[in-house]
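Now for the letters of each chain:
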Amino acid sequence: MTLFIGLCDKVFTRLRTSLFQSPERIAVLGFASLILIGSFLLMLPGATRHESLKFVDALFTSTSASCVTGLTVVDTGETFSLFGQIVIFALIQAGGLGIMFLSTFFLMLAGRRPSLVRRVLLRDTFTSAGEMTLPSILRDVILFTLAIEGIGVLIMLMCFIWQMELSDAIYMAAFHSVSAFCNAGFSLFSDSFVGYQTNWVLNIVIIFLIFCGGIGFLVLHELRKKVYLKNRIWSRLSLHSKIVLSASLLLIIVGSILIIGMEWNNTLKPLSIPDRFLACLFQSVTARTAGFNTLPIELLSNETLFVLILLMVIGASPGSCGGGIKTTTMAAITFLVSSRVLGHQRPQVFKRTISDESTSKAVSVALISIVVVIIATMVLLMTELGGISHDVSRGKFLEILFEVVSAFGTVGLSTGITSQLSIWGKLIITFVMFAGRLGPLLIVIALSRRKAAQYYYAEEGIMIG
């Protein structure tokens, strides 16, 4: 008996060491635990207005909220009770800030010292370097979150208060402000914000919230520090912040121009010229991260859907609430290619050279992400369209690819097929949302062995191109 107890203790110790030996594995386990807890809460009879959710639908909704995606298999406002909506609200906030941030925060409130791996994970998640202390990271994240979401609530309240009771207006403003800043895309309106496509105040404040939530806490921290300086603000920013801001603004501008050119005589036709520009700006911003829409996605042209797919693949920036391969990954690969074309040995931008480690990681993230999207799309085609000829299923490929990319980029835009997915289809999209939120590279590292090989084979070149 003693031998058996000792053996069980040894197995348990090795299992615990294997699971908790790295920050990456802690992050995966933390998000998985949050999703499971949310699933069981959403299955409770009091979480819905009518019949209880099935486990697959509850798991899908909990994953979408925790991974701040916004894809839904049921109408959020019509299906869930106040309790259910509050659960989704809490999952969005917890997922947006990061489960590790919240658990560390509560540990510090209880007077306990967080572990080393927890401190390392927080620095890797919210900053690009280790110069910030843990208390300063927590303080800044809480400060930015409360301040920006509070501004959103106040401005949205002024928009909603004329249409509903004060208590309902406050609730609507709080829910959508948190959903926008966390880049979640969950809306209590059945048509998202299509009914508010000409409301400039509401559109601008949502764009502001999405942008702030998508550029990352490190950039917000730097901007807050540099804003007190009277001059040379741009030159004092780090290379990371410069790339994030430049890439984000460029994508917004290019995306807006492409959408307005492709939709001018389609979905934009009923709108006035100023409102057309507003709608395209809104859709360009929200396509990369948030998932709100003021244009009916199912009515967009094929070329517009393809542009949105490209924006969703890129996604937000590191240390933010959004998913995708990230703006810095796209920028690093772009600079790597352009440097080779121009004859430079290493990628250069803003009078700085991007490190080999950064470019290598960018290429790895992009390749792994492409593999995830390809495999998920292929499997989804088999589960949803298996055995159906192309002539009968014409147009479905683009819709399925759009759904997979939206899930991977944790965006939440859909052409309307989410609720029609089979059980296997929902499970596939659930996994893609989970992978997109945590990052494919992080998951691979978390599941891989930690001990690196100590030897290399002889080097030999191969023909490329």
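Here the structure is a predicted model, which means the values were calculated and not measured. Residue numbering note: each chain is counted from 1, following its sequence as written. Only residues with pLDDT of at least 70 are given local features in this predicted model, and only at 80 or more are side-chain atom pairs given and counted; all residues enter the totals for whole chains, interfaces and linings. Heavy atoms throughout the structure, all of them, feed into the side-chain values; hydrogens and water do not.

Participant: Before we go on, may I ask you to explain the nonpolar core in this structure?
Facilitator: It is characteristic of soluble globular proteins that their nonpolar side chains tend to be buried jointly. With 98 residues, the main nonpolar core has Ile92, Phe160, Leu202, Ile206 and Ile429 as its most contacted residues. Note on contacts: a residue pair is in contact if any heavy atoms of the two residues lie within 4.5 Å. When near neighbours in sequence (up to four residues on either side) are disregarded, Leu202 contacts Met156, Cys159, Phe160, Phe193 and Tyr196. Think of a nonpolar core as a cluster: buried Ala, Val, Leu, Ile, Met, Phe, Trp, Tyr and Cys residues, connected wherever their side-chain atoms sit within 4.5 Å. Note on classification: 1.4 Å probe, protein chains only; a residue is buried when its accessible area is under 20% of the maximum for its type, exposed when over 50%, partly exposed between these limits. Formed by 7 residues, the second largest nonpolar core is a distinct cluster that contains Val28, Ile35, Cys67 and Leu438.

Participant: Just to check I follow, could you spell out the environment of Val373 for this structure?
Facilitator: By the secondary structure assignment, Val373 is in helix H17 (residues 356–385). Measuring from C-alpha to C-alpha, the distance between Val373 and Val405 comes to 6.6 Å, with 32 residues separating the pair along the chain. Discounting residues that sit within four places of it in the chain, Val373 has contacts with Leu401, Val404, Val405 and Phe408. A run of H or I in DSSP becomes a helix once it reaches four residues, and a run of E becomes a strand once it reaches two; helices and strands are each numbered from the N terminus.

Participant: What should I look at first to understand helix H10 (residues 200–215) in this one?
Facilitator: Structurally, the α-helix is built with 3.6 residues per turn, so residues lying three or four positions apart point the same way. Look at H10: 23 Å from first C-alpha to last across 16 residues, which is about the 22 Å you get at 1.5 Å a residue. Residues of H10 that are buried include every one of Leu202, Asn203, Val205, Ile206, Ile207, Leu209, Ile210, Cys212, Gly213, Gly214 and Ile215, and no others. A distance of 3.3 Å separates the backbone nitrogen of Val201 from a side-chain oxygen at the start of H10, and that oxygen is part of Asn199. Two residues or fewer after H10 comes Gly216, characterised by a positive phi angle close to 100°. Multiply 1.5 Å by the residue count of a helix minus one, and that product is the helix's expected span. Pairs of N or O atoms within 3.5 Å make up the polar contacts considered here, provided that, within protein, one atom can donate a hydrogen while the other can accept it, and that residues adjacent in sequence are counted only when both atoms are side-chain atoms.

Participant: Honestly, the packing of aromatic side chains in this entry has me stumped. Any pointers?
Facilitator: The geometry of two aromatic rings is summed up by the distance between their centres and the angle between their planes. Pairs were defined over the aromatic rings of Phe, Tyr and Trp, the Trp ring being its six-membered one, requiring ring centres within 6.5 Å. Orientation was assigned from the angle between planes: stacked under 30 degrees, edge-to-face over 60, tilted for the rest. Following the criterion strictly, the structure yields 10 aromatic pairs and no others. Summarising the aromatic geometry, the rings of Phe193 and Phe292 are spaced 5.1 Å apart at their centres and angled 80° between planes, so their arrangement reads as edge-to-face. Of this pair, Phe193 sits in the loop between helix H9 (166–181) and H10 while Phe292 is found in the loop between helix H14 (273–288) and helix H15 (302–314), placing the two residues 99 residues apart along the sequence. Assigned by exposure class, Phe193 and Phe292 land together as buried. Ring centres of Trp264 and Phe277 lie 6.3 Å apart, and the angle between their planes is 70°; on these two criteria the pair is classed as edge-to-face. Residue Trp264 is found in the loop between helix H13 (239–263) and H14, and its partner Phe277 is found in helix H14; the two are separated by 13 residues along the sequence. You can call Trp264 partly exposed: its relative accessible area is 29%. Residue Phe277 is classed as partly exposed on the basis of its relative accessible area of 48%. A network of ring pairs unites the aromatic residues Phe160, Phe189, Phe193, Tyr196 and Phe292 as a single cluster. A ring is considered to have a charge above it if a Lys NZ or an Arg CZ atom is located within 6 Å of its centre and within 35 degrees of its normal. Above the ring of Trp264, the side-chain terminus of Arg276 is found at 4.3 Å from the ring centroid.

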